[in-house]
Amino acid sequence: MPRRSNPRPSREVLAAAADRTLPDVIAAGLDVLFVGINPGLWSAATGWHFARPGNRFWPALHRGGFTPRLLHPSEQDELLGLGLGITNLVDRASARADELTAAELVTGAETLTAKVARHRPRWVAVVGVTAYRIGFARPKAGFGPQPEPLACARLWVLPNPSGLNAHFTPQSLGAAFAELRRATLSG
């Protein structure tokens, strides 16, 4: 598929994208279902997950060994052929994840659990430890494998790839994704 450009949405288009939802990239029996916190305005405006140019999801996915090349957000549907998918903990778009309420995260965790039971991925990878801690009432959860499954899937927590997360470099994000990739290949 030819790569589409990522034109900068206007301020008006971004404002209109608030509270929109994005369709999941999902199928039954995936190897890994990646779970974002919620769509950003840029993603809601374009219709592509992790679409804002400063978001490091796509480079981390590639550095981690999940994709044979760096995919553009417009190529998100190619993930299904690689056994990968994307959904969100909370469906509605916002400018920042910290605009979400704890109740939205808890409801999102319940919805995600049902979605995982229905689609049965082998692994679920939540990208954002704070949202995971709140949504799943696991206040001490850390990065990496979690001791409890989510429905039928093994559960992993990754760092938030947003460009706003300055605690992780592109290299350390790639290494975190690579650790998950190794786990998916060994079990």
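My aim in this report is to walk through the structure given alongside it, one point at a time. No experiment lies behind these values; they were computed from the predicted model shown.

1. Thoughts on the overall build of the protein
- In terms of regular secondary structure, the protein is built from six helices and five strands.
- Listing each helix as α and each strand as β along the protein from the N terminus yields α-β-α-α-β-α-β-α-β-β-α.
- A compact globule built from 187 residues would reach a C-alpha radius of gyration of about 16 Å, and the protein, at 15 Å, matches this within 12%.
- Across its three principal directions, the C-alpha atoms of the protein cover 45 × 40 × 35 Å.
- In the protein, 73% of the contacts between residues at least 6 apart in sequence involve partners at least 24 apart.
- Only carbon and sulfur atoms are counted for the fraction: they give 56% of the accessible area of the protein, which is about 8900 Å².
- Side chains of the protein give 21 positive and 14 negative charges; the mean places of these two sets differ by 6 Å.

2. Let's talk about the layout of surface pockets
- Roughly 1000 Å³ of internal volume is contained in the largest pocket.
- Taken together, 42 residues form the lining of the largest pocket, with Arg 96, Ala 97, Asn 160, Ser 162 and Leu 164 sitting closest to its centre.
- Of all the secondary-structure elements, those providing two or more residues to the lining of the largest pocket are helix 2 (41–46) and helix 5 (129–135).
- For the lining of the largest pocket, the leading source of residues is helix 5, giving four residues.
- Of the residues belonging to the lining of the largest pocket, the class tally is 22 nonpolar, 16 polar and four charged.

3. Description of the nonpolar core
- By size, the foremost hydrophobic cluster in this structure holds 24 residues, and its most contacted members are Phe 34, Leu 158, Phe 177 and Leu 180.
- When residues of this core are traced back to their parent elements, those giving at least two are strand 1 (32–36), helix 3 (57–63), strand 2 (84–88), strand 3 (123–127), strand 5 (154–158) and helix 6 (170–186).
- When near neighbours in sequence (up to four residues on either side) are disregarded, Phe 177 contacts Phe 34, Phe 57, Ala 60, Leu 61, Gly 64, Phe 66, Val 127 and Leu 158.
- In this structure, Leu 89, Ala 131, Tyr 132 and Val 157 belong to the second largest nonpolar core, which totals 23 residues.

4. Let's talk about the sheet that holds strand 5
- Pairing is mixed across the open sheet formed by five strands, whose spatial order is 2-1-3-5-4. Single-partner strands in this sheet number two, and they are strand 2 and strand 4 (144–145).
- Two elements, strand 4 and strand 5, share two bridges in a ladder whose sense is antiparallel. Paired with Pro 145 across the bridge in strand 5 is Trp 156.
- Packed onto the sheet, helix 6 meets strand 1, strand 3 and strand 5 and runs at close to 165 degrees relative to strand 5.

Calculation criteria
- Residues numbered from 1 in each chain as written.
- Predicted model: local features only at pLDDT ≥ 70, side-chain atom pairs only at ≥ 80, totals over all residues.
- Heavy atoms only, no water.
- Helix = DSSP H or I, 4+ residues; strand = E, 2+ residues; numbered from the N terminus.
- Rg over C-alpha atoms; globule rule 2.2 N^0.38 Å.
- Contact = heavy atoms within 4.5 Å.
- Areas by Shrake-Rupley, 256 points an atom, 1.4 Å probe, with all protein chains shown as cover.
- Lys, Arg positive; Asp, Glu negative; His and termini not counted.
- Charge placed at Lys NZ, Arg CZ, Asp CG, Glu CD.
- 1 Å grid on protein atoms, 1.4 Å probe; cavity = no way out; pocket = protein on both sides within 12 Å on 5 of 7 lines; lining within 4 Å.
- Points joined across faces, edges and corners; volume = space filled by probe spheres on them.
- Nonpolar A, V, L, I, M, F, W, Y, C, P; charged D, E, K, R; others polar.
- Core = buried A, V, L, I, M, F, W, Y, C linked by side-chain atoms within 4.5 Å.
- Buried < 20%, exposed > 50% of the residue type's maximum accessible area, 1.4 Å probe, protein only.
- Pairing = 2+ DSSP bridges.
- Axes fitted to C-alpha atoms, helices over the stretch in contact; angles between N-to-C directions.

Note that every value here comes from positions in space, so none of it alone points to a role or purpose.
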